[in-house]
Amino acid sequence: MRTGLASALIVLAASSAGVSGCADQPKSCDVPAYLLTSDSTLSRVASVVKAGGPLNILVVGSRSSTISGAEGEAYPVKLQAALREKLPGIPVNVSVELTPRKTAGDVTPGLGKLVAARQPTLVVWQTGIVDAIRSVDIDGFREALDEGVTALRNAGADVVLMNMQYSPRTETMVSMNAYIDNMRLVAQQRDVPVFDRFAIMTRWNERGEFDLFSPVHGASLAKRVHSCLGRALSTFLINTARINSAEPEARRQ
Amino acid sequence: MPPVIDQVVGVRTKASPASVKRDAPVVMIPTPPRERELRLDLLRGFALWLIFIDHLPQNLLTWLTIRNYGFSDATEIFIFISGYTAALVYGRAMRERGFIVATARILRRVWQIYVAHIVLFTIFLAEISYVASSSENPLYTEEMGILDFLKQPDVTIVQALLLKFRPVNMDVLPLYVALMLFFPLVLLVLQRSAGLALALSAGLYGLTWSFGLALPAYPNGVWFFNPFAWQLLFVFGAWCALGGAKRMSRILSSPATLSICAAYLLFAFYTTLTWHVPQLNHFMPHIAEQWMYPIDKTNLDVLRFMHFLALAVLTVRFLPKHWPGLASRWLRPLILCGQHSLQIFCIGVFLAFAGQFILAEYSGGALVHFLISVCGILIMCAAAWVFSWYKGVAGKGGSRAKSADGDADLAGGGA
């Protein structure tokens, strides 16, 4: 009952706040501050932004990093738009490397070469879901992540890890917790930030922001969720890189 | 843990083969308890409820379950009590009717648990197939890959029958099968020398950690509950039932032990708090984190085991055997559930599936979610009541008079 009341209040507050908001932005998909920052930093991103760009971001991810049939509305595209908006005057490019149906262990060997070829400042590595579905050996998963993060760093990129989506319909059929925990562990040991997509979406679902339970929604639900994720990720990157988004605004003078 | 032994007349066995050692621990073989140890039933019923709630997706009631307040959870309670009661019942059978008969009886129990597991697997398969094939949400194209395993039914189903392929939340019964399968041997050693059995068990636990012993699972990975590690809790439960608890009772009730336990529980509580309130993380020293994590459930992390011990010590201390509340009407449902553990466990798993299904198909608000949890628990209680009633009626039939077999329920543990 209390959550119901709380979410009603939040929706109310959000909708009144959203009146002034930009139109294509969904009414509210706010994320608590602690999920939008990290103790780890992104030093390369910070210095590139300070130098005026260009900021090249490569998203390496499975099928949940895109929306089939609406690729232009997936979170990487939204991330690019949001960053361009928040970092005026700095060229931002987000590209995507899809690795559908591949576990972390499958992806890891190619990461070094990928970074060498594309030269991104930052790699957002979204992974874990395929491993969880196939219930890959947890130690193997952790080692693969560890190797992957090291390879990305050695190749000269900052790294952000991104975990799974929260999917209430299959929540009890795929056990995610061990994979989420181990990703967090690797992140802690390697001092790499984690964008906790799982926690964020869990929260949205609990607050009634999105009805993630629903079996059929067409692409519209997916589009809205991705739009919110893209914005949240942009805030996360800016906070984590400790970029004062007002600072590089040369145009103000 | 609970000194059932207090009420149980200890009988000395004839000197064990190692009779040379005069100080070899006296083996206490309990005769059938006149009155049941209601605390065991109560706590096991409690664990059953928690397992049911934990198997449902996160909801309000989840916050009542102990895994949110410390390292260990209902599984530990369950395995320990199962070991404890198995030792009570089959220990008596072994003493009165010999190794072969007791073994046969244990194996019959193993078979029951195995069949129960397979039935649950079938139900799960039906549910997962339906959910996965009826959903078209483009947000979750990947998650629907859960059905991939059905592309090779020949392999998958055989692997399931071999207990190597187990879907989520179906790990407890296979663990129980494995533990019970070796229980005749364990019991044999326990009755010769309880200390030796416990030492062997701890040794196996140590070997598991140093050499990474594990049972392979399908399609890859290992058993979620590693029997080589979890046997420690089971054997420890059995050891307590056969006199260990009594031997330890002085240490257990000393103020020093109690305060150490309380301090440890507080530490665990604080640590779990940092998981839920990440802002607190700044107050957790980095070194402590590096040392503690990951807290391994698969191999029954020492931190978890200690946490369970601390909980058990405090429970025994503050829940006296003759606590009048045990006879109260309000605790009756819990006790009844605990007395039919295998059945209630299975019903709980089934209800969790059904609950998930309802939530998935008819969208679940917090309220529906809450109602499903409560209804599930009510159904479990009603079923337990029916089982008790039936047992009472069947018992009146008289002639069967196999009191020991009837009590197999007590030992059932049902995981």
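Caption draft 1: Spotlight on the confidence of the model for chain A. Residues and elements named next belong to chain A. The predicted model of chain A averages 83 in pLDDT, with 84% of residues at 70 or higher. Across chain A, the secondary-structure element scoring lowest on mean pLDDT is helix 1 (residues 2-18), at 40, and the one scoring highest is strand 4 (residues 158-162), at 96. Here residues 1-26 is a poorly scored stretch, pLDDT under 50, and it has 17 contacts once near neighbours within four places are set aside; other chains count. In this model, residues 247-253 is a region of pLDDT below 50 whose contacts with residues beyond four sequence positions or in other chains number nine contacts.

Caption draft 2: The arrangement of the nonpolar core in detail. Ranked by size, the top nonpolar core spans 182 residues in total, and within it V123 of chain A together with A87, Y90, A238 and W239 of chain B carry the most contacts. With 22 residues, helix 2 (residues 74-134) of chain B is the single largest residue contributor to this core. When sequence neighbours within four positions are dropped, the list of residues in contact with A238 of chain B reads G83, Y84, A86, A87, V186 and L190 of chain B.

Caption draft 3: Fine view of the pairing of strand 1 (residues 55-61) of chain A. Residue and element names in this part refer to chain A. Across the seven residues of strand 1, six count as buried, placing the element largely inside the fold. By the bridge criterion, seven bridges tie strand 1 to strand 2 (residues 92-98) in an arrangement that is parallel. Across the sheet, the residue bridging to I57 is V94, located in strand 2. In this fold, strand 1 hands off to helix 3 (residues 75-86), which returns the chain to strand 2; that crossover is right-handed.

Caption draft 4: Broad picture of helix 1 (residues 38-55) of chain B. Along its 18 residues, helix 1 of chain B runs 26 Å from first to last C-alpha, staying within 8% of the 26 Å computed at 1.5 Å per residue. With 18 of 18 residues buried, helix 1 of chain B is to be regarded as a mostly interior element.

What counts and what doesn't
Residues numbered from 1 in each chain as written. Chains lettered and ligands numbered in written order. Predicted model: local features only at pLDDT ≥ 70, side-chain atom pairs only at ≥ 80, totals over all residues. pLDDT = per-residue confidence, 0-100. Helix = DSSP H or I, 4+ residues; strand = E, 2+ residues; numbered from the N terminus. Contact = placed C-beta atoms within 7 Å. Core = buried A, V, L, I, M, F, W, Y, C linked by C-beta atoms within 7 Å. Buried ≥ 20, exposed ≤ 12 C-beta atoms within 10 Å, placed from the backbone. Pairing = 2+ DSSP bridges. Right-handed = clockwise from strand over helix to strand, strands pointing away. Expected span 1.5 Å × (residues − 1).

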